[in-house]
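Summary of the model geometry
Here is what each chain is made of, one letter per residue.
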Amino acid sequence: MRDVLGTGYSVAEVSRMHGGAQKVVYKIGCSNGFSCVLYVWDLSMNYFQEETVHQDSGQRSFGSDLFEHNNKYLTQKGIRTPSLYDVNKARNRYPFDYALVEYVEGQKAEDYFHHSDSKVQHQLFQRLGEMLATMHADKRETFGNLTEPNVSAGTAQQFQMENAKTQLDYVSRHMERIASNHGKLLDTMNELESRISPRTEYGFIHGELGPDHVLVDNKLEPYLIDIEGAMFFDIEHEHSFMSFRFGEFYRYLKHGSLDEDRMRFYRFLHHISLTSGGLKLLRRGFPDQRFAKELADYHCECALAFL
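Right, let's walk through the structure included here. Nothing here was measured: the structure is a model prediction, and the numbers come from that model.

Focus: the overall build of the protein
In terms of helices and strands, the protein carries 10 helices and 11 strands. For a compact globule of 307 residues, the expected C-alpha radius of gyration is about 19 Å, and the protein comes in at 20 Å, within 12% of that figure. The principal-axis extent of the C-alpha atoms belonging to the protein is close to 60 × 40 × 40 Å. For the protein, long-range pairs separated by at least 24 residues make up 67% of all intrachain contacts whose partners lie at least 6 apart in sequence. Working note: accessible area of the protein is about 15,200 Å², and carbon and sulfur atoms make up 46% of it. In the protein, the 34 positive side-chain charges and the 43 negative ones have mean positions that sit 1 Å from each other.

A word on helix 7 (residues 182–194)
Because each turn of an α-helix spans 3.6 residues, side chains separated by three or four positions in sequence point in the same direction. Between its terminal C-alpha atoms helix 7 stretches 18 Å, which fits the 18 Å expected from 13 residues at 1.5 Å a residue. Packed against the buried residues of helix 7 are helix 5 (156–172), helix 6 (176–179), helix 9 (260–283) and helix 10 (289–305).

A closer look at the pairing of strand 1 (residues 11–16)
Counting buried residues in strand 1 gives 0 out of 6 residues, a small share hidden from the surface. Bridge count for strand 1 against strand 2 (residues 24–30) is 5 bridges, and the pairing is antiparallel. Residue Val11 lies in a different strand from strand 2, and its bridge partner there is Cys30.

Things to note about the pattern of salt bridges
For the structure on display, the rule yields 19 salt bridges. Of the charged contacts in the structure, one is a salt bridge between Asp259 and Arg262, with a shortest N-O distance of 2.9 Å. Per residue, the accessibility class of Asp259 equals that of Arg262, and both read buried. Between Arg290 and Glu294 there is a salt bridge, and its shortest N-O distance comes to 3.1 Å. You can see Arg290 and its partner Glu294 sitting in helix 10, 4 residues apart, about one turn around the helix.

Details of empty space enclosed by the protein
Evaluated as defined, the whole model comprises 1 cavity of 30 Å³ or more. Computed from the structure, the largest cavity encloses a volume of approximately 40 Å³. Lining the largest cavity, in full, are Tyr39, Phe67, Asn71, Thr81, Pro82, Val101, Leu224, Ile225, Asp226 and Ile227. The residue inventory of the lining of the largest cavity, partitioned by class, reads 7 nonpolar, 2 polar and 1 charged.

Rules of the game
For every chain, the first residue of its written sequence is number 1, and the numbers climb from 1 along that sequence. The model is predicted, so local features are restricted to residues of pLDDT at least 70 and side-chain atom pairs to those at 80 or more, both for listing and for counting; the totals for chains, interfaces and linings are taken over all residues. Hydrogens and water are ignored here; the side-chain numbers use all heavy atoms of the structure. Secondary structure elements are taken from DSSP: a helix is a run of H or I of four residues or more, a strand is a run of E of two residues or more, and numbering for both begins at the N terminus. To get the radius of gyration, use the C-alpha atoms; to get the globule rule, take the number of residues to the power 0.38 and multiply by 2.2 Å. Whether two residues are in contact is decided by their heavy atoms, any of which lying within 4.5 Å being enough. To be clear on the numbers: accessible area is Shrake-Rupley with a 1.4 Å probe, and residue cover counts the displayed protein chains and nothing else. In this charge count, Lys and Arg are treated as positive and Asp and Glu as negative; neither His nor the chain ends contribute. Note on charges: their place is set at NZ of Lys, CZ of Arg, CG of Asp or CD of Glu. Here a helix's expected span is defined as the number of its residues, less one, multiplied by 1.5 Å. Only protein chains enter the accessibility calculation, which uses a 1.4 Å probe; a residue whose area is less than 20% of its type maximum is buried, one above 50% is exposed, and one in between is partly exposed. Should DSSP find at least two bridges between two strands, the strands are regarded as paired. Salt bridges are defined as contacts in which a side-chain nitrogen from Lys or Arg sits within 4 Å of a carboxyl oxygen from Asp or Glu. Buried and open spaces are told apart on a 1 Å grid over the protein atoms alone, a cavity being a set of points where a 1.4 Å probe fits but cannot get out and a pocket being an open set with protein on both sides within 12 Å along at least five of seven lines. Residues with an atom within 4 Å of a point are the lining residues. Grid points are joined across faces, edges and corners, and a volume is the space filled by probe spheres set on the points. Residues were grouped as follows: Ala, Val, Leu, Ile, Met, Phe, Trp, Tyr, Cys and Pro as nonpolar; Asp, Glu, Lys and Arg as charged; and all remaining residues, including Gly, as polar.

Right under this line is the structure:
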């Protein structure tokens, strides 16, 4: 803190913040009243450590380099995300990277779902919709993240489908209802993918944009967080995810020219992936076991409903 911000910033309080399946997050309070956030990319505390180690570079959503590049890119494009004060990748004192990031005083967007004032809801989600429309309109001819721009072997949907097949295999080993329908689910995946027409232009997406990944300050300005997975991709991947994560408020975020075939395909893949993710959290000691189980059970039902 002293090295980055100056001698007047002495640490008075450190508290771990809720959430974080891939990185550890702390709030730091200083004796002068200033607050900021510490991000720690400690692979040993990542609940998806096994997948991260064996992941294709183009599929990565973990690491300070991705955060640093995406933070700079979004900021330059006028997309609000907490400011990066400093990132330390030296690893001379600790075996992990860490960063000091702006603390945004406020709540997450999901806390506004049940706000008593509908005008406040309207203002917030309209602003978020406008910000996302700007981000998604940023185009590139190849898909992939900013640090690995040449991962575009095959099509975007094939790229995601290979990962979905791996997740389906994992779920089949632990859930009988999925195991007994494995062949039908695989056939459905192939059928949905076969309906998709070729595309050669991709928008910039967050990659996992739920209402828990949007911070809202006291001026009702939205900020995107957990941005490591941001990349150029089919925007339907983002919209199909937001359509069930934002519920009725998705109407503020909906795009007018979405490919419905891609929407159905990616929604199916999301359900498989979230079933797998919930099971992994459940089996790997995630603190909120009830959440992990409900996540896996709910998305299992959603995936099977496609049959």
